[in-house]
Amino acid sequence: MSDMDKLSDLRKQIDEIDIQLHDLLMKRAEVVQAIGTQKGDAAGKLSAGREAQVLRHMVERHKGALPKSAIVRFWREIFASAAQLEGEISVTVHAPENDNRFYDLSREHFGMETPISSRQTVMSVLREITDGQASVGVLPIPQGEANPWWLSLAQGEGATKTRIIARLPFFNAAGSDGTEAVIVASSAQEETGHDRSYVVVESSEPLSRSTLIDLLEKSSLKPINIHIHTPDPSVCLQLIEVDDYVAPGDERLVQLADLSDQRITHAWTIGGYAIPLTDA
């Protein structure tokens, strides 16, 4: 067999594989539509936890020369298309003037078909989520600035439906520019088995970081980051990122208040995220 014949045979194999892939993609779309029908009113809600579990499984079982990043990008496009089949997903992104980093990050995550709009202020993004004008929002990682946006999610447990449900990018490839963000939506964080959560702690007096860490560890909560907000000495709020899934009403939150000798008046979660993948 000549080299040209060998090349022709290999291309025929590729053609056959492409047909099989296409058939499977069409079959998958049929199943996705059936899932959307089964969900009813819940269709159109982003299943960030489910997507994270699928990607972890695919990356774990992957072998061969094709980069893992390519697998993640391929499935992200599949997820985005599936979301539109179940019920249209729209995204609103915080994009300050002349800064498209969050928009670019969102486009990469949500695919080419998902409607994405940008807003210059964080509050505009949150307002669109609350009003139902957008399915999800993309915002900066919560920090401890003077007037942090996470306060809008910290109005007391149950007072708002908007929660943090994911972190971007989900796959941190080597060579990325380091831009990170969170996804917020009017839905709950989904437990995936490898998660982090954001807990708001309200105290009657300012608490030192060492005191907070000690109380958290005694309550079996491992703190990753602590942001203290004290606009008024009588109202102290701490945003604590913990290394675990923390459900609303988690008994560890009750224990945290009990261990503080009433210095902590309340503790609740405002969501969290599945821990992103890396090249490793």
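Residues numbered from 1 in each chain as written. Predicted model: local features only at pLDDT ≥ 70, side-chain atom pairs only at ≥ 80, totals over all residues. Heavy atoms only, no water.

(A) Region of the structure containing a negative patch on the surface. A contiguous patch of negative charge on the surface is contributed by D3, D5, D9, D15, E16 and D18. As for its placement among the helices and strands, D3 is situated in helix α1 (residues 3-39). (Patch = residues over 30% accessible without salt bridge, like charges linked within 9 Å, V, L, I, M, F, W, Y side chains within 5 Å. Areas by Shrake-Rupley, 256 points an atom, 1.4 Å probe, with all protein chains shown as cover. Salt bridge = Lys/Arg side-chain N within 4 Å of Asp/Glu carboxyl O. Lys, Arg positive; Asp, Glu negative; His and termini not counted. Charge placed at Lys NZ, Arg CZ, Asp CG, Glu CD. Helix = DSSP H or I, 4+ residues; strand = E, 2+ residues; numbered from the N terminus.)

(B) Structural view of a nonpolar patch on the surface. Taken together, I14, I17 and L21 make up a surface patch of nonpolar side chains, about 270 Å² in accessible area. Classification of L21 as partly exposed rests on a relative accessible area of 43%. (Buried < 20%, exposed > 50% of the residue type's maximum accessible area, 1.4 Å probe, protein only.)

(C) Spotlight on the packing of helix α6 (residues 209-218) against helix α7 (residues 251-259). With their axes 9 Å apart at the nearest point, α6 and α7 run at an angle of 130° to one another. Relative to α7, α6 is oriented oblique. Crossing hand, α6 versus α7: right-handed. Contacts between α6 and α7 involve L215, L216 and K218 from the former and Q255, L256 and L259 from the latter. Residue composition of the contact of α6 with α7, grouped by class: four nonpolar, one polar and one charged. (Axes fitted to C-alpha atoms, helices over the stretch in contact; angles between N-to-C directions. Parallel < 35°, antiparallel > 145°, perpendicular 65-115°, else oblique. Left-handed = near helix turned anticlockwise from the far one by under 90°. Contact = heavy atoms within 4.5 Å. Nonpolar A, V, L, I, M, F, W, Y, C, P; charged D, E, K, R; others polar.)

(D) Examining the packing of aromatic side chains more closely. All chains considered together, the criterion is met by two aromatic pairs. When the centroid spacing of 5.2 Å and the interplanar angle of 80° are considered together, the rings of F74 and W75 count as edge-to-face. On the basis of relative accessibility, which here comes to 38%, the residue F74 falls in the partly exposed class. Aromatic pair Y198 and Y273: ring centres 6.1 Å apart, planes at 50°, arrangement tilted. Separated by 75 residues along the polypeptide, Y198 in strand β7 (residues 195-203) and Y273 in strand β10 (residues 264-274) bring together distant segments of the chain. Its relative accessible area of 1% is what places Y198 among the buried residues. For the cation-ring pair, R101 lies above F102, with the distance from its terminal atom to the ring centre recorded as 5.8 Å. (Phe/Tyr/Trp six-rings, centres within 6.5 Å; stacked < 30°, edge-to-face > 60°. Lys NZ or Arg CZ within 6 Å of the ring centre and 35° of its normal.)

Structural measurements only, silent on function.
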